[in-house]
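# Commentary on secondary and tertiary structure
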Amino acid sequence: MSILIQNIAHLFGILPAGVERLQGKEMAHVETIDDAWLSIEEGRIIDFGPMSSIPETEHFEVIDAEGGSVMPCFCDPHTHLVYAGSREQEFVDKIQGLSYAEIARRGGGILNSVDLLHRLTEQELYEQAMHRMEEIEAKGTGCVEIKSGYGLSTEDELKILRVIRRISQASRVKVVSTFLGAHAVSRAYKGRQSDYVRLVIDEMIPAVGKEGLADYIDVFCDEGFFTPEETARILKAGARYGMRPKIHADELAASGGVRVAVDHQALSVDHLESMPDEEIDLLLGTATMPTCLPGTSFFLNMPYAPARRMIDRGLGIALASDYNPGSTPSGDMKFVMSLGCIKLRLLPEEAFNAVTINAAYAMGLSHDYGSITIGKKAHLILTHPIPSLAFIPYSYTTPIIRKVLL
């Protein structure tokens, strides 16, 4: 089907072919055409330009933007949205003063979600997760990474990853999958962390690899969770099955995870709320994308990642939602973009690039998604009329989406 969108007030996010990410000062620019049109053939962008050059419309299905804007869909490179139930009691615990770490030490947190998930069938888990997928699609997300990590046993980790595969097959949203068996130590291995690491390496990873269920591998490398040495061993094991690293690091403390990520050519290193300045230098000149999760800091009342300093030093950053039941029960990437501006001190253009092209890069997808580029997939947001790009993060609760085209 050939589609032509006309009367676009602002066409945001234009990039030339071959640009996979933006870094440093590049992030402060968003190429835009005002009063524009865009054409689509077989699901891909084939051309665009000012209305003064619009082609004849008789061969197209025409969509009239009516003065709305068009932009690439949001890309969300860090979520845990396949989970069971909810954890609002922990929300109350946090209000009453307990920290994330204190809740975890009581046996709550991740382990609560593990207990709930174990009791669900694969079909029940799939149905819950598909509701969340429909939610994020309606909010403009066109690409999403989904992690396992609420199983912590071989059987339940495989159950989650099979659900992610089913979601990928059923949803119009582009999905990549990440194995996160090393999210925490299961109750069955309490006090025996080294034995649990061996389970991940010797049993879980081969089982995941045999079924080809994961594109990436992740480890929660942080204080009270997995050490840099354990993380490195797990990443090496995953690499044998073609799983590239995307790891958690520096959320609760400076964990050494950034060094491990760089040493193992991780595609992204995520969280970074406790990242020391010297680790910024470790990332310069590497292929690893630092990914900030401001929704986590917002929900947990914890420090925000040093995104401003990273960009000022020449790094690119991505933003993600961290959609999960414990620390960020939201997949709203428009709100993440707003937090990027309000809390991370990003310019609207920097926040826009962090939730589009750079977020696509953090999933290995920026060759096909994340910008208005001829030949890329036409995963697009059509907005109601808005005055400017800055209005998107500024109007942080205003619904702006008229239509999501996937």
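Residues numbered from 1 in each chain as written. Predicted model: local features only at pLDDT ≥ 70, side-chain atom pairs only at ≥ 80, totals over all residues. Heavy atoms only, no water.

## A look at empty space enclosed by the protein
- Following the criterion strictly, the structure yields two cavities of 30 Å³ or more and no others.
- By volume, the largest cavity is sized at about 100 Å³.
- Forming the walls of the largest cavity are 14 residues, and the residues nearest its centre are His80, Tyr100, His183, Asn324 and Ser327.
- Across the lining of the largest cavity, the residue classes break down as four nonpolar, seven polar and three charged.
- Of the volumes computed, that of the second largest cavity is approximately 40 Å³.
- What lines the second largest cavity is simply Pro72, Cys73, Cys75, Cys143, Tyr369, Gly370, Ser371, Lys377 and His379.
- Across the lining of the second largest cavity, the residue classes break down as five nonpolar, three polar and one charged. (1 Å grid on protein atoms, 1.4 Å probe; cavity = no way out; pocket = protein on both sides within 12 Å on 5 of 7 lines; lining within 4 Å. Points joined across faces, edges and corners; volume = space filled by probe spheres on them. Nonpolar A, V, L, I, M, F, W, Y, C, P; charged D, E, K, R; others polar.)

## Examining the environment of Phe298
- Within the secondary structure, Phe298 sits in helix H10 (residues 294-300).
- By relative accessible area, which is 43% here, Phe298 ends up partly exposed.
- A C-alpha to C-alpha distance of 34 Å links Phe298 and Asp34, two positions 264 residues apart in sequence. (Helix = DSSP H or I, 4+ residues; strand = E, 2+ residues; numbered from the N terminus. Buried < 20%, exposed > 50% of the residue type's maximum accessible area, 1.4 Å probe, protein only.)

## Here's the deal with helix H6 (residues 193-211)
- An ideal rise of 1.5 Å per residue puts 27 Å on 19 residues; H6 measures up with 26 Å between its terminal C-alpha atoms.
- Maximal helix bending in H6 amounts to about 35 degrees, located at Met204; proline Pro206 follows within four positions.
- Buried-residue contacts for H6 involve helix H5 (154-170), strand E8 (174-182), strand E9 (216-221) and helix H7 (228-239).
- Following H6 by one or two positions, Gly212 adopts a phi angle in the positive range, close to 60 degrees. (Expected span 1.5 Å × (residues − 1). Bend = angle between axes of the 7 residues up to and from the residue. Contact = heavy atoms within 4.5 Å.)

## As for the pattern of salt bridges
- A complete count under the given rule lists 18 salt bridges for this structure.
- The closest approach of N and O atoms between Arg308 and Asp312, which form a salt bridge, is 3.0 Å. You can see Arg308 and its partner Asp312 sitting in helix H11 (residues 307-312), four residues apart, about one turn around the helix.
- The residue Glu350 makes a salt bridge to Arg308 at a minimum N-O spacing of 2.7 Å. Of this pair, Glu350 sits in helix H13 (residues 348-355) while Arg308 sits in helix H11, and the two are 42 residues apart along the sequence.
- Note on Arg308: relative accessible area 23%, which makes it partly exposed.
- Among the charged side chains, a network of salt bridges with common partners joins Glu145, Lys147 and Asp218. (Salt bridge = Lys/Arg side-chain N within 4 Å of Asp/Glu carboxyl O.)

## Considerations on the nonpolar core
- Membership of the largest hydrophobic core comes to 101 residues, with the highest contact counts inside it found for Val82, Met133, Ile167, Phe179 and Ile317.
- Among the elements that line this core, the one with the most residues is H6, at eight residues.
- In this structure, Phe179 is in contact with Ser148, Glu157, Leu161, Val200, Met204, Ile205, Val208, Ala214, Tyr216, Ile217, Asp218 and Met243, ignoring residues within four places of it in sequence.
- Ile40, Phe48, Ile372 and Leu380 belong to the second-largest nonpolar core, a separate cluster that totals 19 residues. (Core = buried A, V, L, I, M, F, W, Y, C linked by side-chain atoms within 4.5 Å.)

## Some details on the packing of helix H4 (residues 122-138) against H5
- Contact pair H4 / H5: the axes reach a minimum separation of 10 Å and the direction vectors enclose 50 degrees. Between H4 and H5, the crossing angle belongs to the class labelled oblique. When the axes of H4 and H5 are compared, the crossing they make is right-handed. Contacts between H4 and H5 involve Glu122, Gln123, Leu125, Tyr126, Ala129, Met130 and Met133 from the former and Lys159, Ile160, Arg162, Val163, Arg166, Ile167 and Ala170 from the latter.
- When the residues that make up the contact of H4 with H5 are grouped by side-chain class, the tally is nine nonpolar, one polar and four charged. (Axes fitted to C-alpha atoms, helices over the stretch in contact; angles between N-to-C directions. Parallel < 35°, antiparallel > 145°, perpendicular 65-115°, else oblique. Left-handed = near helix turned anticlockwise from the far one by under 90°.)

## Describing the packing of aromatic side chains
- Counted by the stated rule, this structure contains seven aromatic pairs.
- Plain terms: the ring middles of Phe391 and Tyr394 are 5.9 Å apart, the flat faces sit at 50 degrees to each other, and that makes the pair tilted. Note that Phe391 and Tyr394 are positioned in helix H15 (residues 391-394) at a spacing of three residues, about one turn of the helix.
- Here the aromatic residues Tyr189, Tyr196 and Phe226 are joined through ring pairs into a cluster of three or more.
- In this structure, Arg132 packs its charged tip against the face of Tyr83, placed 3.6 Å from the ring centre.
- Across the ring face of Tyr126, the terminal group of Arg166 is positioned such that the distance to the ring centre comes to 4.0 Å. (Phe/Tyr/Trp six-rings, centres within 6.5 Å; stacked < 30°, edge-to-face > 60°. Lys NZ or Arg CZ within 6 Å of the ring centre and 35° of its normal.)

## Examining the pairing of strand E12 (residues 289-292)
- Neither face of E12 is open: one carries Met289 and Thr291, the other Pro290 and Cys292, and all of them are buried.
- As paired strands, strand E11 (residues 268-271) and E12 are joined by three bridges and run parallel to one another. By the bridge assignment, Ser268 is partnered in E12 with Met289.
- Handedness of the E11-helix H9 (residues 278-283)-E12 crossover: right-handed. (Pairing = 2+ DSSP bridges. Right-handed = clockwise from strand over helix to strand, strands pointing away.)

## As for the packing of H5 against H6
- The geometry of H5 relative to H6 is characterised by a closest axis approach of 10 Å and an angle of 30 degrees between their N-to-C directions. Accordingly, the angle class assigned to the pair H5 and H6 is roughly parallel. Remark: the crossing between H5 and H6 carries right-handed chirality. On the side of H5, the interface is formed by Thr154, Glu157, Leu158, Leu161, Arg162 and Arg165, while H6 contributes Leu199, Glu203, Met204, Ala207, Val208 and Glu211.
- Among the residues forming the contact of H5 with H6, the class breakdown is six nonpolar, one polar and five charged.

## Overview of the side chain of His183
- You can see His183 is positioned in the loop between E8 and H6.
- Since its relative accessible area comes to 4%, His183 is described here as buried.
- If we skip the residues at most four places from it in the chain, His183 touches His80, Ile110, Gly149, Tyr150, Leu152, Phe220, Phe225 and Phe226.

Function cannot be inferred from these measures alone, as they are strictly geometric.
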